[in-house]
Amino acid sequence: MIPKEEIVGFFDRMKSNGVDTNTKMLYGYFFTNDEPKKLEKVTEELKKQGFEYVDIYPDETKQYWLHMERIEIHNSESLFNLNKELYAIADKFSIKTYDGFDVGNADKTKGIERDTYVVPEEFKSNDFEKDGSPFLVIVNSAFDNFPHKSEFSNFIEITSNYSIEDTSKMPNEIEYAELDELDVFVENNLNQNGIKSYYIGRTTFGGERKIYFVTNDKDGANGLMYFLKENGNKRAFEFKIVEDPKWNLYEEINIKLNKK
């Protein structure tokens, strides 16, 4: 049986790619068997439940596949429960197996629609040596394909200094935790104050943690960052907002991902 965790992950991936899973979508369901007759019986059973027949066809191994479909709304819980029912139907008619599902636009002439302002999290990291010290970089590389770069052209660069450990030449555990908390603190405040922004990534090197966000609200971001700098309860930081319509700063950070 397909584990529930796998179905949860399936929905999480769709949502992270900007797919609204709360709309009607076309779900396809597949069964396999060594001969087609029993699949025809499954077809009749599922038609009674509102499923539509698509095809029964052999593959290159001479195994037969049944494809049924239904337009519906699912979440991970409802699809997991439906899968259990479909496995039971496969057992009832003694066919080889229920083989899983796929999903598409309810309008078969179109692909799955997604909100292109939703950016999936595809973080990549690298570490290399610079001037005898480790240089750490983490970047959300999903922005390689972000279609709204011209709209989001103001980069927030936040710098917080840390004490360099003698052996590792990096922050100690306490400062690492505080620096990571600063990332979350700033991101949460941007979101809570309705300032549209995206977390780009960060670098850690030579006593400085640099954190990067991009926004389409320069004035709002500037006012909030100044307020957080003066009144925030996290570690001290400086910031600047850089107008960068060509996203050169992002490209510079990205280059460090491949540096050796």
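Cut-offs and rules
- Residues numbered from 1 in each chain as written.
- Predicted model: local features only at pLDDT ≥ 70, side-chain atom pairs only at ≥ 80, totals over all residues.
- Heavy atoms only, no water.
- Core = buried A, V, L, I, M, F, W, Y, C linked by side-chain atoms within 4.5 Å.
- Buried < 20%, exposed > 50% of the residue type's maximum accessible area, 1.4 Å probe, protein only.
- Helix = DSSP H or I, 4+ residues; strand = E, 2+ residues; numbered from the N terminus.
- Contact = heavy atoms within 4.5 Å.
- 1 Å grid on protein atoms, 1.4 Å probe; cavity = no way out; pocket = protein on both sides within 12 Å on 5 of 7 lines; lining within 4 Å.
- Points joined across faces, edges and corners; volume = space filled by probe spheres on them.
- Nonpolar A, V, L, I, M, F, W, Y, C, P; charged D, E, K, R; others polar.
- Pairing = 2+ DSSP bridges.

Draft legend 1. Structural detail: the nonpolar core. Within the largest apolar cluster, 29 residues are counted, with the highest numbers of intra-cluster contacts made by Y29, F31, V42, L46, L86, Y98 and F101. Looking at this core, the elements with two or more residues in it are α1 (4-16), β1 (25-33), α2 (37-47), β3 (64-72), α3 (76-92) and β4 (97-105). If you tally residues by element for this core, the top one is α3, at seven residues. Not counting residues up to four positions away in its chain, the partners in contact with F101 are I2, I7, F10, G28, Y29, F30, L79 and N83.

Draft legend 2. Highlighting the layout of surface pockets. Taken as a whole, the largest pocket spans an internal volume of roughly 260 Å³. In terms of lining residues, the largest pocket is bounded by 14 residues, among which E121, E187, S197, Y198 and Y199 are the most central. The residue makeup of the lining of the largest pocket, split by class, is eight nonpolar, three polar and three charged. There is about 150 Å³ of room inside the second largest pocket.

Draft legend 3. Examining the pairing of β1 more closely. The buried fraction of β1 amounts to nine of the nine residues, a majority that puts the element mostly inside the structure. In β1, alternate side chains face the same way, and those of M25, Y27, Y29, F31 and N33 on one face and L26, G28, F30 and T32 on the other are all buried. Relative to β3, β1 runs antiparallel, the two being bridged by nine bridges. If you follow Y29 over to β3, its bridge partner there is M68. Two strands pair when backbone bridges link them, and β1 and β4 are joined in this way by eight bridges, in the antiparallel orientation. Bridge assignment links Y27 to a residue of β4, and that residue is V103.

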